[in-house]
Amino acid sequence: GIGVWAGGIGPMPLVLDLVSRVDEQQKIPEARGRLTVDRWLRVAGAPGVFALGDCSFLADTPYPATAQVASQQGYYLGRLFNRGYDFGRDVPSGGGGDLAKPFQFLNLGVLAYTGQGKALAQIEAGKSKFEQTGTVGWVAWRAVYLSKQVSARNQFMVIFDWLKTYFFGRDLTRF
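Below or above, wherever it landed, is the structure these notes cover. All values derive from a computational prediction rather than experimental measurement. (Residues numbered from 1 in each chain as written. Predicted model: local features only at pLDDT ≥ 70, side-chain atom pairs only at ≥ 80, totals over all residues. Heavy atoms only, no water.)

Let's talk about the overall build of the protein
Okay, step 1: From N to C terminus, the protein includes 4 helices and 5 strands.
Okay, step 2: The order of α-helices and β-strands along the protein, N terminus first, is α-β-β-α-β-β-β-α-α.
Okay, step 3: In summary, the protein has a C-alpha radius of gyration of 20 Å against a globular reference of 16 Å for 175 residues, an excess of more than 25%.
Okay, step 4: On the principal axes, the C-alpha backbone points of the protein span a range of 60 × 35 × 35 Å.
Okay, step 5: In the protein, which comprises 175 residues, the share counted as buried stands at 26%.
Okay, step 6: Within the protein, counting contacts between residues at least 6 apart in sequence, those at least 24 apart form 29% of the total.
Okay, step 7: Taken together, the 19 basic and 14 acidic charged side chains of the protein have centroids lying 9 Å from each other. (Helix = DSSP H or I, 4+ residues; strand = E, 2+ residues; numbered from the N terminus. Rg over C-alpha atoms; globule rule 2.2 N^0.38 Å. Buried < 20%, exposed > 50% of the residue type's maximum accessible area, 1.4 Å probe, protein only. Contact = heavy atoms within 4.5 Å. Lys, Arg positive; Asp, Glu negative; His and termini not counted. Charge placed at Lys NZ, Arg CZ, Asp CG, Glu CD.)

Right under this line is the structure:
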């Protein structure tokens, strides 16, 4: 068979409005409606404004528009804010004079559920790489999904939902 997937993401009106109001944002057409940021996620031409995730574009190193990138960017910015870094300087610095390292994305891999108990899994850990498709990929996808839950209660609820769906089918009453 053949599988066709067309996923569209487009810029939010708020982001488009900011791009249109800040002159520096219009200098890089490759950004395509995203906010151009520096290596510390500061929006070019808008002091004190930060962007992360799908709405940001780092010209030096464009990152994929995935939750993995947004999560790492959020953690990075939160850490710098909590440590009181001064973002008014060319290179943000902390109270002790230490300079902030620029954001660096760590690709942990890609997981994609393809339906009917099958998935694609490409997981990277250091120099090791795990690539599987089909049922083995689906098991890896489920294992990673379960490990990302924030509590044992959430893990139990997810497992319960999976079992309920397995035995009784999907609940279509919510659609």
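Thoughts on the packing of helix H3 (residues 134-147) against helix H4 (residues 152-168)
Okay, step 1: Where H3 meets H4, the closest approach of the two axes is 9 Å, and the angle between their N-to-C directions is 145 degrees. Along its contact with H3, which presents Arg142, Tyr145, Leu146 and Ser147, the element H4 presents Gln155, Val158, Ile159 and Trp162.
Okay, step 2: A breakdown of the residues in the contact of H3 with H4 according to their chemical character gives 5 nonpolar, 2 polar and 1 charged. (Axes fitted to C-alpha atoms, helices over the stretch in contact; angles between N-to-C directions. Nonpolar A, V, L, I, M, F, W, Y, C, P; charged D, E, K, R; others polar.)

Remarks on empty space enclosed by the protein
Okay, step 1: Summed over all chains, the structure comprises 1 cavity of 30 Å³ or more.
Okay, step 2: Taken together, 13 residues line the largest cavity, and the ones lying closest to its centre are Gly53, Ser56, Phe57, Tyr63 and Gln73.
Okay, step 3: Where the lining of the largest cavity is concerned, the elements lending two or more residues are strand S2 (56-58) and helix H2 (67-82).
Okay, step 4: Per element, the largest residue contribution to the lining of the largest cavity is 3 residues, and it comes from S2.
Okay, step 5: Looking at side-chain class alone, the lining of the largest cavity contains 8 nonpolar, 3 polar and 2 charged residues. (1 Å grid on protein atoms, 1.4 Å probe; cavity = no way out; pocket = protein on both sides within 12 Å on 5 of 7 lines; lining within 4 Å. Points joined across faces, edges and corners; volume = space filled by probe spheres on them.)

A short note on the environment of Val22
Okay, step 1: Within the element layout of this structure, Val22 appears in the loop between helix H1 (13-21) and strand S1 (35-37).
Okay, step 2: Owing to a relative accessible area of 11%, Val22 belongs among the buried residues under this scheme.
Okay, step 3: The spacing of Val22 and Ala152 is 130 residues in sequence and 46 Å in space, taken between C-alpha atoms.
Okay, step 4: When sequence neighbours within four positions are dropped, the list of residues in contact with Val22 reads Ala44 and Gly45.

Side note on a nonpolar patch on the surface
Okay, step 1: Together, Ile159, Leu163, Tyr166, Phe167 and Phe168 give the surface a local cluster of nonpolar side chains, amounting to about 640 Å² of exposed area.
Okay, step 2: Looking at where Phe168 falls in the secondary structure, it is placed in helix H4. (Patch = residues over 30% accessible without salt bridge, like charges linked within 9 Å, V, L, I, M, F, W, Y side chains within 5 Å. Areas by Shrake-Rupley, 256 points an atom, 1.4 Å probe, with all protein chains shown as cover. Salt bridge = Lys/Arg side-chain N within 4 Å of Asp/Glu carboxyl O.)

A short note on the layout of surface pockets
Okay, step 1: Approximately 620 Å³ is the volume found for the largest pocket.
Okay, step 2: Around the largest pocket sit 16 residues that line it, and Arg142, Asp161, Trp162, Thr165 and Tyr166 are the ones nearest its centre.
Okay, step 3: Secondary structure elements with two or more residues in the lining of the largest pocket: H3 and H4.
Okay, step 4: The greatest single-element share of the lining of the largest pocket, amounting to 7 residues, is contributed by H4.
Okay, step 5: Residue composition of the lining of the largest pocket, by class: 7 nonpolar, 3 polar and 6 charged.
Okay, step 6: In this structure, the second largest pocket spans a volume of roughly 320 Å³.
Okay, step 7: If you go around the second largest pocket, the residues you meet are Gln68, Ser71, Gln72, Leu108, Gly109, Val110, Leu111, Ile123, Trp141, Val144, Tyr145 and Lys148.
Okay, step 8: At the level of secondary structure, the elements contributing two or more residues to the lining of the second largest pocket comprise H2, strand S3 (109-115) and H3.
Okay, step 9: Of the residues in the lining of the second largest pocket, the class split is 7 nonpolar, 4 polar and 1 charged.

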